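# A closer look at the structure
Listed here are the chains, written in short residue letters.
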Amino acid sequence: VLVSEVMLQQTPVARVTPVWRDFIGTYPTPASLADAPLAEVLQLWSGLGYPRRARNLRASAVVIVERHGGRVPSTLEELLALPGVGPYTARAVLAFAFAQPVGVLDTNAGRVLARALANDRLGHARAQQLADELVSGGSPSVINQALLDVGAQHCRSLPRCGGCPLGSFCLWRKVGGDDPAQRSAGVSRPQPRYAGSDREARGRLVRALGAGELDRDRALAIIDGTDRPRAERVLSGLAADGMIAVSGGSVRVAD
Ligand code: SF4
């Protein structure tokens, strides 16, 4: 659950599914991931973008082994202390892996709560409270999954109300007015395109470095062979994020 939730941050499920299978097959336990070289982990991560997540996940595996005996912790505080784990991911692990009664508030659930239950733009505290109340009456895993699925299948940015299972008591559908999901808590803005983006260029270089160290000019050419300032900017960004080390005219994955 933790691996899939980290992968699903900012990457669509269709791209995540095959990589998740390979990842879990290669690293079936936190200890196996903690022991793996970062370059190898990044190689497996290639295609998902935002490779910093892979670095954080491996760092989390190290913490899980060193502080929690190799088992993913089951409290909000301990989960939030893992590198790269935020409130959404921590609550998703609590609900889906440990069946704890916490609401999982992502962009899909956020739209459903704002439209169907509140017909109001929600702040984070109110949205989380509504989500927690909703799951308190049954299986947290099933109710959270249902909420996320309604958001993904029906209550999309452009809602498909026909056939929505919440249609008969959805407040926004009954009352009308401006879309309350706009800028409501948990509801994200549309992601910029991945193809041609800096994210894609970062992933391309990290993937190439998985095979070994590269000459700096070669690394810049892999990022962008026609726009040198952009290539330099992307390279500097990766170095500043601690993903790569640039020294003596060569580039490698950071230790
Ligand atoms: S009826 Fe329409 S607006 Fe209401 S929850 Fe369903 S899809 Fe969303």
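## Some details on the overall build of the protein
In terms of helices and strands, the protein carries 14 helices and 3 strands. For the C-alpha atoms alone, the extent of the protein along its principal axes is close to 65 × 45 × 30 Å. Burial statistics for the protein: of 255 residues in total, 42% are counted as buried. Summed over all atoms, the accessible surface of the protein reaches about 12,700 Å², with 53% contributed by carbon and sulfur. Each charge sign in the protein was given a centre, from 30 positive and 24 negative side chains, and these centres are 6 Å apart.

## Quick notes on the nonpolar core
Ranked by internal contacts, the top residues of the largest apolar core, which has 70 residues, are Phe 23 and Leu 205. For this core, the leading source of residues is helix 7 (residues 87–98), giving 6 residues.

## Description of a nonpolar patch on the surface
There is a patch of nonpolar side chains on the surface, built from Leu 117, Leu 134 and Phe 169 and spanning about 230 Å² of accessible area. Within the fold, Leu 117 resides in helix 8 (residues 107–118).

## Some details on the layout of surface pockets
Approximately 1,600 Å³ is the volume attributed to the largest pocket. Taken together, 43 residues make up the lining of the largest pocket; nearest its centre are Leu 8, Asp 106, Thr 107, Asn 108 and Ser 188. For the lining of the largest pocket, the elements supplying multiple residues, two or more each, are helix 1 (2–8), helix 2 (13–26), helix 7, helix 8 and helix 10 (140–153). Ranked by the residues each element gives to the lining of the largest pocket, the list is headed by helix 10, at 6 residues. Classifying every residue of the lining of the largest pocket by side-chain character gives 14 nonpolar, 17 polar and 12 charged.

## Some thoughts on the environment of Ser 247
With respect to the element layout, Ser 247 can be found in strand 2 (residues 244–247). Taking the C-alpha atoms as reference points, Ser 247 and Pro 101, separated by 146 residues in sequence, lie 49 Å from one another.

## Quick word on the confidence of the model for the protein
Per-chain confidence: the protein averages 91 in pLDDT, with 98% of residues scoring 70 or above. Per-element confidence in the protein is highest for helix 3 (residues 30–35), whose mean pLDDT is 98, and lowest for helix 12 (residues 198–209), whose mean pLDDT is 86.

## What about empty space enclosed by the protein?
Counted according to the given criterion, the structure contains 2 cavities of 30 Å³ or more. Its volume calculated, the largest cavity comes out at about 110 Å³. If you trace the largest cavity, you find 14 residues lining it, with Cys 155, Cys 161, Cys 164, Leu 166 and Cys 170 closest to the centre. Those elements giving two or more residues to the lining of the largest cavity turn out to be helix 8 and helix 11 (171–175). Of the residues forming the lining of the largest cavity, the biggest block, 3 residues, is contributed by helix 8. Looking at the lining of the largest cavity residue by residue, the class counts come to 9 nonpolar, 2 polar and 3 charged. Forming the walls of the second largest cavity are Leu 42, Trp 45, Ser 46, Gly 47, Leu 48, Gly 49, Pro 51, Gly 203, Val 206 and Arg 207. For the lining of the second largest cavity, the secondary-structure elements that each account for two or more residues are helix 4 (38–45) and helix 12. At 3 residues, helix 12 tops the list of elements feeding residues into the lining of the second largest cavity. Split by residue class, the lining of the second largest cavity holds 5 nonpolar, 4 polar and 1 charged.

## Focus: helix 14 (residues 228–240)
With 13 residues, helix 14 extends 18 Å between its outermost C-alpha atoms, agreeing within 8% with the 18 Å of an ideal straight helix rising 1.5 Å per residue. Within the span of helix 14, buried status applies to Arg 230, Ala 231, Val 234, Leu 235 and Leu 238. Projected down its long axis, helix 14 carries its buried residues within an arc of 135 degrees, all on one side. Of the residues in helix 14, the exposed ones pointing more than 90 degrees away from the buried face are Pro 229 and Ala 240. Between the side-chain oxygen of the N-cap and the backbone nitrogen of Arg 230 there are 3.1 Å, and the N-cap of helix 14 in question is Asp 227. Gly 242 lies just past helix 14 and shows a positive phi near 80 degrees.

Conventions adopted
- Residues numbered from 1 in each chain as written.
- Predicted model: local features only at pLDDT ≥ 70, side-chain atom pairs only at ≥ 80, totals over all residues.
- Heavy atoms only, no water.
- Helix = DSSP H or I, 4+ residues; strand = E, 2+ residues; numbered from the N terminus.
- Buried < 20%, exposed > 50% of the residue type's maximum accessible area, 1.4 Å probe, protein only.
- Areas by Shrake-Rupley, 256 points an atom, 1.4 Å probe, with all protein chains shown as cover.
- Lys, Arg positive; Asp, Glu negative; His and termini not counted.
- Charge placed at Lys NZ, Arg CZ, Asp CG, Glu CD.
- Core = buried A, V, L, I, M, F, W, Y, C linked by side-chain atoms within 4.5 Å.
- Patch = residues over 30% accessible without salt bridge, like charges linked within 9 Å, V, L, I, M, F, W, Y side chains within 5 Å.
- Salt bridge = Lys/Arg side-chain N within 4 Å of Asp/Glu carboxyl O.
- 1 Å grid on protein atoms, 1.4 Å probe; cavity = no way out; pocket = protein on both sides within 12 Å on 5 of 7 lines; lining within 4 Å.
- Points joined across faces, edges and corners; volume = space filled by probe spheres on them.
- Nonpolar A, V, L, I, M, F, W, Y, C, P; charged D, E, K, R; others polar.
- pLDDT = per-residue confidence, 0-100.
- Expected span 1.5 Å × (residues − 1).
- Arc of directions from axis to C-beta.
- Polar contact = N/O pair within 3.5 Å; in protein donor to acceptor, adjacent residues only side chain to side chain.

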